[in-house]
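# What the coordinates show
The primary structure of each chain is shown beneath.
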Amino acid sequence: MRATQVVIDLAALRHNLARARAAAPGSRVLAAIKANGYGHGMLRVARALDDADGFGVACLAEAIQLREAGVTQPVVLLEGFFGADELEAIARHRFIPAVHNLAQLEQLEQARLSQPLTVWLKVDSGMHRLGFPLQQARAAWQRLHACPSVAEVTGCMTHLANADNLDDSFTATQIAEFHRHTAGLPGQRSIANSAALLGWPESHSDWVRPGIMLYGISPLLGGRGEQHGLKPVMTLRSELIAVNHLKRGEAVGYGGAFVCPEDMTVGVVAAGYGDGYPRHVPNGVPVLVNGRRAPLIGRVSMDMLTVDLRGQPGARPGDPVVLWGEGLPVEEIAEHAGTIAYELLCRVMPRVDAVENGA
Ligand SMILES: *Cc1c(COP(=O)(O)O)cnc(C)c1O
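This structure is a prediction, so every number in the text was calculated from the model and none was measured.

## Things to note about the overall build of the chain
- A tally of regular secondary structure across the chain gives eleven helices and 19 strands.
- With respect to the three principal axes, the spread of C-alpha positions in the chain is 75 × 45 × 35 Å.
- Relative to its 359 residues, the chain shows a buried fraction of 54%.
- Residue pairs in contact within the chain that sit at least 24 positions apart in sequence constitute 64% of those at least 6 positions apart.
- Looking at the chain as shown, the accessible area adds up to about 15200 Å², and 51% of this sits on carbon and sulfur atoms.
- Positive and negative charge centroids in the chain, built from 32 and 36 side chains respectively, lie 1 Å apart.

## A word on empty space enclosed by the protein
- According to the stated counting rule, one finds one cavity of 30 Å³ or more in the structure shown.
- Counted as a void, the largest cavity has a volume near 40 Å³.
- Lining of the largest cavity is provided by K122, V123, D124, S125, M127, R129, L130, T158 and H159.
- Split into classes, the residues belonging to the lining of the largest cavity amount to three nonpolar, three polar and three charged.

## Section: unusual backbone geometry
- Although it is not a glycine, H128 sits at a positive phi angle of roughly 60°.
- By secondary structure assignment, the location of H128 is in the loop between β6 (117-124) and β7 (132-133).
- The backbone of N290 sits at a positive phi, close to 55°, despite the residue not being glycine.
- For N290, a relative accessible area of 32% puts it in the partly exposed group.

## Focus: the pairing of β6
- Of all eight residues that make up β6, seven are buried, and the element is covered over most of its length.
- Bridge count between strand β5 (residues 96-99) and β6: two bridges; the pairing is parallel. Counterpart to V99 in the pairing with β6 is L121.
- Handedness of the β-α-β unit built from β5, helix α6 (residues 102-110) and β6 comes out right-handed.
- Sheet topology places β6 next to strand β8 (residues 150-157); six bridges connect them, and they run parallel. Looking across to β8, one finds that K122 is bridged to M157.
- Relative to β7, β6 runs parallel, the two being bridged by two bridges. For D124, the partnering residue across the bridge sits in β7 and is P133.

## As for the state of the cysteines
- The full count for this structure, using the stated rule, is zero disulfides.
- No disulfide involves C147; its sulfur sits 16 Å from the nearest other cysteine sulfur, which is in C156.
- According to the relative accessible area criterion, C147 is buried, its value standing at 3%.
- Unpaired in terms of disulfides, C346 finds its nearest cysteine sulfur in C59, a separation of 13 Å.

## Examining the side chain of D319
- With respect to the helices and strands, D319 occurs in the loop between β17 (305-308) and β18 (320-324).
- Buried and without a salt bridge, D319 has R316 as its closest oppositely charged side chain, separated by 6.6 Å.
- Within the structure, the side chain of D319 is placed 2.9 Å from the side chain of N290, a separation counted as a polar contact.
- Within the structure, D319 has its side chain in polar contact with the backbone nitrogen of R316 (distance 2.8 Å).

## Comments concerning the site of the ligand
- Looking at the ligand, there are 13 residues lining it, with K34, Y38, S194, I212 and Y342 nearest.
- With respect to the ligand, the side chain of Y38 contributes an N or O atom lying 2.6 Å from an oxygen atom.
- Separating an oxygen atom of the ligand from a side-chain N or O atom of S194 is a distance of 2.5 Å.
- When atom positions are compared with the pocket grids, the ligand is found to occupy the largest pocket.
- For the shell around the ligand, a count of residues per class yields six nonpolar, four polar and three charged.

## Overview of the pattern of salt bridges
- Applying the stated criterion across every chain yields a total of twelve salt bridges.
- Here D53 makes a salt bridge to R21, at a shortest N to O gap of 3.1 Å. With D53 in the loop between α3 (42-48) and β3 (54-57) and R21 in helix α1 (residues 10-23), this residue pair connects regions lying 32 residues apart in the sequence.
- R347 is the salt-bridge partner of E343, the closest N and O atoms lying 3.1 Å from each other.
- Judged by its relative accessible area of 32%, E343 is partly exposed.

About the cut-offs
Residues numbered from 1 in each chain as written. Predicted model: local features only at pLDDT ≥ 70, side-chain atom pairs only at ≥ 80, totals over all residues. Heavy atoms only, no water. Helix = DSSP H or I, 4+ residues; strand = E, 2+ residues; numbered from the N terminus. Buried < 20%, exposed > 50% of the residue type's maximum accessible area, 1.4 Å probe, protein only. Contact = heavy atoms within 4.5 Å. Areas by Shrake-Rupley, 256 points an atom, 1.4 Å probe, with all protein chains shown as cover. Lys, Arg positive; Asp, Glu negative; His and termini not counted. Charge placed at Lys NZ, Arg CZ, Asp CG, Glu CD. 1 Å grid on protein atoms, 1.4 Å probe; cavity = no way out; pocket = protein on both sides within 12 Å on 5 of 7 lines; lining within 4 Å. Points joined across faces, edges and corners; volume = space filled by probe spheres on them. Nonpolar A, V, L, I, M, F, W, Y, C, P; charged D, E, K, R; others polar. Pairing = 2+ DSSP bridges. Right-handed = clockwise from strand over helix to strand, strands pointing away. Disulfide = S-S within 2.5 Å. Salt bridge = Lys/Arg side-chain N within 4 Å of Asp/Glu carboxyl O. Polar contact = N/O pair within 3.5 Å; in protein donor to acceptor, adjacent residues only side chain to side chain. Near = heavy atom within 4 Å. Sits in = over half its atoms within 2 Å of the grid points.

Set out below in structure tokens:
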């Protein structure tokens, strides 16, 4: 059997939730598990985090999957609903949509539902993606409150654009403006993603909404999960399937993109972009072979990649390889790939089997 797998460490997941609670002790935790639990398997993550106070997902289909699997916690639809046709299912399953624009508000006002909804009001405090403009927050709240299809406006939420950069004062501005324009409105407040949870304690308020930190990843620019006491949840592992002894001047892989500068040992790993490893990383990106770093060389193929084994010429086919995770932070691979860890985690392909550890 092909050895390429992701190992999902459920104990690490629970540990990271405990870290989030410890960092924001006065807040309830809405765990973000959208996009298949950031690539870790949404249902598996929901089960492991069963003491989260609620779950945040991106759409109704994700939310229904949770209910059908027996998840009973509150489920917040972070982008609300995408059409009035979703409202009855939302009511029936007791999902909690974020209402972020006038179209959604009007659809709610016109709806005739079997039971009224609990909703969040989403306010745009400066990210300029979703949410009512600050100046309209009060009027939107009043209309929601008066709407027969709304049983309760839980409170107001907003999202921060730059919380990953601790030097950026825009975060403080967003928090202050949000509070100023929602002052006096009843209900709870929710502002913080992972970066704000760890870096901006003044953002915590009633509900924090961590995502990436639950998976063990630092949400801060240039950071590593370990610095926050987080443990990596996903390890992408494989093994060597060939070890070649090449001569100086011989080229490796498509396009001959790497030419051996001397006689050397080259390992072939059974993982490639068809598994979700980024194709465009440069030579030199670290790969763990037998727990020790070896530099990637040549082009990443669909099913394979190649590594420089000059540091361990005795390596053999079958030796274990880690592409990221335990012992090799995915943040580091993401930096080499010119992206963020979120993307690498979400892009692990379905053909990669997941095995659970620490259940
Ligand atoms: C995804 C999401 C989060 C979680 O963000 P992280 O950076 O992963 O912590 C929080 N709030 C909203 C609205 C989201 O969509």
